[in-house]
Structures are given as C-alpha cells and as structure tokens.
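Residue-level listing of the chains:
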Amino acid sequence: MYNKTSVLKRGAKSFVARKKLRGGLLLFLSLLEIHYLCGMSAEGKTVAFHTLGCKLNFSETSTIARLFQEKGYLKKDFSQPADVYVINTCSVTENADKECKSIVKNALALNPDAFIAVVGCYAQLKPEQISNIEGVDVVLGATEKFRLLNYINLSSKNEHAVIHNCEISEADFFVDSYSVGDRTRSFLKVQDGCDYSCTFCTIPLARGKSRSDTIENVIANANKIAQSGVKEIVLTGVNIGDFGYGRDIDGEEKKRKEYNFFDLIKELDEVQGIERFRISSIEPNLLKDEIIKFVSASERFVPHFHIPLQSGSNRVLKVMKRRYQKELYTERIKTIKQLMPDCCIGVDVIVGFPGETEAEFRETYDFINGLDVSYLHVFTYSERDNTEAISLADPVPVAERKKRNKMLRILSAKKLRSFYESQRAKELTVIFENENKNGLMYGFTENYVKVKYPYYKELCNVPVNIIIGDFDEDGNMTCVVREHLLA
Ligand code: SF4
C-alpha cells in the first residue's frame, strides 16, 4: 500500500532559472531530470489517457500521447489494463477532486501496479489535494505536463506522490498541440492563457497569461492535420480572440501584438485539404465585425459561433468584470444573423453568481429568450478559492442556483429545437464520424445540426450533401443523402 504523508515540491524559482538558462547547463539539468527514465525501455509498455474539460485539454492530451507513442508506448483505451494512466484535469469541472479520485480508483482496479500521473489545470491549482489521492504517483502542473515522460517510473510505483508545478507566472511560453486520429475533427490549439480577470474564473491561475502560436506554425500544423486526412479543424484556446502575443511572453512586460486573430483566419482560409474551420468560442468584445463578415464570405469557416454571455444583467456583468454590456452582445447577434441567417450560435451563461437577484436572473432569462441564438451551455456558479467572487456578499442559495440552472436548460432545449426546426428541408453538408453505432452514423452540418443516417463506410469523413429531414426520438435530425452521391 502507499503511504502518502509527504510530498516533494520543487521550488518554483529553480524552474524559472532552468527555463532561462541556455546551452550546456540547461542540457545538464535536463539530463538530471530524466534520471527516472535511465535504463528503462518503454517498448511493449502501454499507456491510457483520460481527459476532463475542454477542447484545449483534448488537444494537449493528444500531443502528450504522441510523445509517449514516439517512445514506443502502445496507446490503450482507459477501460483497459495499462502500465501508465494519465489523467488530464480541468479546473472548471465541478467536484474535480471527487472525480479524480474515482478515475484513479478505476485505473488501479484494472492494474494495481500502474503508474498514475495527474496533470493539467486542477493539478496546477490543487496539487497537494491530488497528491493525497491514494495511488497517485506524480502530479504535474501547467508547464511540466508536456515533460511527463521525464517523470515516469516503469519499475515501481512512487512511495509518495511527487509534485512538480511552478508559479503560474512562469507559464510564459507556448506549447502547440492538436488532436488527430481520435475524431473526425481535430482540435488545434492556437492560444493559451488569459489576461482578463473575470471575478469567477480560475483559468488564468491554472494556465497563466495570454500567449499564442505564430501564424506560420499554426499553418504548418493545419497542413499536417490535412495530410492526416482530417477534414475539420476546430480552433481552440482559452481566449482565442486575444491571439497574437507570440510564443514567449516575458514576465510583467506585455508585448505589442504583431498580428491578430483576424490575420490568422485569413491565412488559414488558404490551407488546402481542410474542408471546414470552426471557431470554438470567442469573447463578444473580440468578435469584431470584420471577423463576422469574413466568416460569412468564407467557404471554409463555418457559420457557427460560440459566444460567452454569462449574464443578461449589466450590473452582474460589471461585477463579473466582463468586458462588454448586453447591448454589445445584442449587436453581435444581429450582425451575425443579418449576414448568416442559418448561423448556429451557442451561448455560455452562469446562474447563481453572488448577488444575482431573482429579478436579475429573470432579466437574463428574458434577454436570452429574445435573442436569436441556438443553444446554451449553462453553468451553476460555485465558489472557487483565490477568485474575487468567493468573497462577494449575498451568495445565492444552492437550491435556487439549481432551480435557475434548470430553467435555462429548458430554455436551451427549446432554442435548439426551434433552430433545428428552422433547418428542416434545407440542403446542407455533413461530415459523418467514422463510427458504426448500431447501424447508424452521426455527423454535424456546417451550422452544427447533428444528423444521423444508416451507416455507410464510404460516406464517413467526407463532405456529403444532404437534405435535413425530421426530428428523431433522440432529438437528432434525420436526413436524406442526395441520390447522386449514393449512386
Ligand atoms: S475571459 Fe474571463 S472567463 Fe474566459 S478564461 Fe479569461 S478570465 Fe476566464
């Protein structure tokens, strides 16, 4: 059994020093770090991954998985016995600690001797808490997760969980990532971190300051993805509209942008072999008209936006320190719908923020109800350490938060149904996922309508022209594939 009484924590300063060092000394320190690997071959060893949270985490897990595969590891499904289990955590997940515990338990049930690594956002925020979970061997934060291979010990489990995480100010460099092979779509990371200070949010504490890839490198990655046969790229990041600060940001001093998100999408639009680009989520204040106009005219950027709103009350938005008021949000939706009447629009909203009165919640409800949007992602506010919101007065009782969440989820279902209904009989393009689910296959249209069709292998992962049919019992749409494509 494991005795988790002590934790080795590496000093943050030494990490900064190491990062800034160059040449021989850096090499020497790196060699010291990989002592765990010395003499160990990974040939024939297996590794399995579990990802919590957002598309960004999925893209990063894929990159870490590729590093393991390059070392000779065989990738397994998380439900199978493996030598190493990697859990990539999220800071937004409710009950992250509980969830992590249960995932670790499941992994150890499959192989009690497996080496367990917990990495990512929650590992950065609460390393001690994770290190106390029975069976965890290593905990890696924001910068160290990409160096996970250096900490794997294949010969035995660690006696105590080892923590390697840095001060978040040291997460000042960009590591590019993309997912390939897991899905029909690839999540391509273009940006990381966030300089905003929304009072409810822990993401800047878990991922650091805003930084991003160069346009050249994003294009190079998009070309690699195209060569792998993937047809759709979803651009991901924490605050992708803030793209352009470069790969290395130096401490306090903020660099000026030399390019921006609009420049990026113009260049990406020229990449050959990719049928679709989807913008995952973009702050309303950064979704400028030039971007909307460009998407409306592009053959590859699809008519689908996900735009966080968080509240329909200007007072609450202000306390949340969001950088817009509801009037700007309305303008964005109007512009999108004028240029792309069939555009799908998703909305993030938080209910039960401290001090949100019944009337303010009503205002949010009515505001969203009146907007031409397609679905909501509803989050129930929960108190998070080290955020400004945790010390705000007038917390909303938990039962009331749940009630508000339910009301908005019902509104979301209504909105989605009415959006899907508006697409009936339209001719659209779908890319079906390459999975046979009881004789059916599923895919999304360019404007994010989920459709199903009897499984035909030759129709998977290629753009297929369809006519949208009716609702099915599961809430997805049926469709008719146009005759000539089946001939
Ligand atoms: S924009 Fe606000 S909510 Fe989004 S990651 Fe940044 S701080 Fe968090």
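Residues numbered from 1 in each chain as written. Predicted model: local features only at pLDDT ≥ 70, side-chain atom pairs only at ≥ 80, totals over all residues.

Some points on the site of the ligand
At step 1: In the vicinity of the ligand, the contacting residues are Cys194, Tyr196, Cys198, Cys201, Ile203, Pro204, Val238, Asn239 and Glu283.
At step 2: Partitioning the shell around the ligand into residue classes produces 7 nonpolar, 1 polar and 1 charged. (Near = placed C-beta within 6 Å. Nonpolar A, V, L, I, M, F, W, Y, C, P; charged D, E, K, R; others polar.)

Topic: the pairing of strand β19 (residues 463-471)
At step 1: Here strand β16 (residues 427-432) runs beside β19; their pairing, made up of 5 bridges, is antiparallel. The partner of Thr429 across the bridge, within β19, is Asn465.
At step 2: With 4 bridges connecting them, β19 and strand β20 (residues 477-481) associate as antiparallel partners. Looking across to β20, one finds that Ile468 is bridged to Cys479.
At step 3: A loop of 5 residues connects β19 with β20, the two strands running antiparallel in sequence, and Gly475 in this loop sits at a positive phi of about 85°. (Pairing = 2+ DSSP bridges. Helix = DSSP H or I, 4+ residues; strand = E, 2+ residues; numbered from the N terminus.)

A short note on the pairing of strand β18 (residues 450-454)
At step 1: In this structure, strand β17 (residues 440-445) lies alongside β18, joined through 5 bridges in antiparallel fashion. Counted as the bridge partner of Met441 is Tyr453 from β18.
At step 2: Pairing analysis gives 2 bridges linking β18 to β20, with the strands arranged parallel. By the bridge assignment for β20, Val451 is matched with Met477.

Some details on the nonpolar core
At step 1: Val86, Ala117 and Val118 are the most contacted members of the largest nonpolar core, which has 127 residues in total.
At step 2: Here this core takes 6 residues from strand β14 (residues 344-351), the largest share from any one element.
At step 3: If we skip the residues at most four places from it in the chain, Val86 touches Val47, Phe49, Ile64, Ala117, Val119 and Leu148. (Core = buried A, V, L, I, M, F, W, Y, C linked by C-beta atoms within 7 Å. Buried ≥ 20, exposed ≤ 12 C-beta atoms within 10 Å, placed from the backbone. Contact = placed C-beta atoms within 7 Å.)

Focus: the sheet that holds β16
At step 1: Here 5 strands make up a closed barrel; going around it, the order is β16-β17-β18-β20-β19 and the pairing mixed. Between one strand axis and the next, the sheet turns through 50° on average, direction left out of account. (Axes fitted to C-alpha atoms, helices over the stretch in contact; angles between N-to-C directions.)

As for the environment of Arg384
At step 1: The residue Arg384 is located in the loop between β15 (375-380) and α14 (398-422) in this model.
At step 2: Separated by 182 residues in the primary sequence, Arg384 and Thr202 place their C-alpha atoms 7.3 Å from one another.
At step 3: Filtering out sequence-adjacent residues up to four positions away, Arg384 remains in contact with Thr202 and Ile390.

Notes on the packing of helix α10 (residues 289-297) against helix α12 (residues 326-339)
When two helices pack together, their arrangement is given by the angle between their axes and by how far apart the axes lie.
At step 1: At their nearest, the axes of α10 and α12 sit 10 Å apart, and the two run at 20° to each other. In terms of axis orientation, α10 runs roughly parallel to α12. The two elements α10 and α12 meet at a crossing, and its hand is right-handed. Of α12, the residues touching α10 (which contributes Asp289, Ile292, Lys293 and Ser296) are Thr335, Ile336 and Leu339.
At step 2: Residues of the contact of α10 with α12, tallied by class, amount to 3 nonpolar, 2 polar and 2 charged. (Parallel < 35°, antiparallel > 145°, perpendicular 65-115°, else oblique. Left-handed = near helix turned anticlockwise from the far one by under 90°.)

Describing the packing of helix α8 (residues 215-227) against helix α9 (residues 261-268)
At step 1: Following both chains from N to C, one finds α8 and α9 inclined at 35°, their axes separated by 10 Å at the closest point. With respect to the hand of their crossing, α8 and α9 are arranged in right-handed fashion. Contacts between α8 and α9 involve Ile215, Val218, Ile219 and Ala222 on the former and, on the latter, Asp263, Leu264, Glu267 and Leu268.
At step 2: In terms of residue class, the contact of α8 with α9 is built from 6 nonpolar, no polar and 2 charged.

Re the environment of Val378
At step 1: The topology assignment puts Val378 in strand β15.
At step 2: Between the C-alpha atom of Val378 and that of Ser412, which follows or precedes it by 34 residues, the distance is 8.5 Å.
At step 3: Leave out the neighbours within four places in its chain, and Val378 touches Val349, Val351, Asn405, Leu408, Arg409 and Ser412.

A look at the sheet that holds strand β12 (residues 276-279)
At step 1: Sheet architecture is open: 3 strands sit in the order β8-β11-β12, paired in parallel fashion. A strand with exactly one partner marks an edge of an open sheet, and here the two such strands are β8 (185-189) and β12. When the angles between neighbouring strand axes are averaged without regard to direction, this sheet yields 25°.
At step 2: Against the sheet, helix α3 (residues 55-70) contacts β8 and β11 (232-236), and its axis sits at roughly 95° relative to β8.
At step 3: Along the sheet, α8 makes contact with β8 and β11, crossing β8 at roughly 165°.

Things to note about the environment of Val84
At step 1: With respect to the helices, strands and loops of the structure, Val84 is situated in strand β4 (residues 84-89).
At step 2: Exposure remark for Val84: the 25 C-beta atoms within 10 Å place this residue in the buried category.
At step 3: Apart from the residues within four sequence positions on either side, Val84 is in contact with Val47, Ala114, Phe115, Ala117 and Ile152.

Structural notes on α3
At step 1: In this model, α3 (16 residues) spans 23 Å end to end at C-alpha, consistent with the 22 Å of a helix rising 1.5 Å per residue.
At step 2: What α3 keeps buried is the set Lys55, Leu56, Asn57, Phe58, Ser59, Glu60, Thr61, Ser62, Ile64, Ala65 and Phe68.
At step 3: In this structure, the buried residues of α3 make contact with β2 (46-51), β3 (74-76), β4, β5 (115-120), β8 and β11.
At step 4: Downstream of α3 by one or two residues, Gly72 has phi in the positive range, about 105°. (Expected span 1.5 Å × (residues − 1).)

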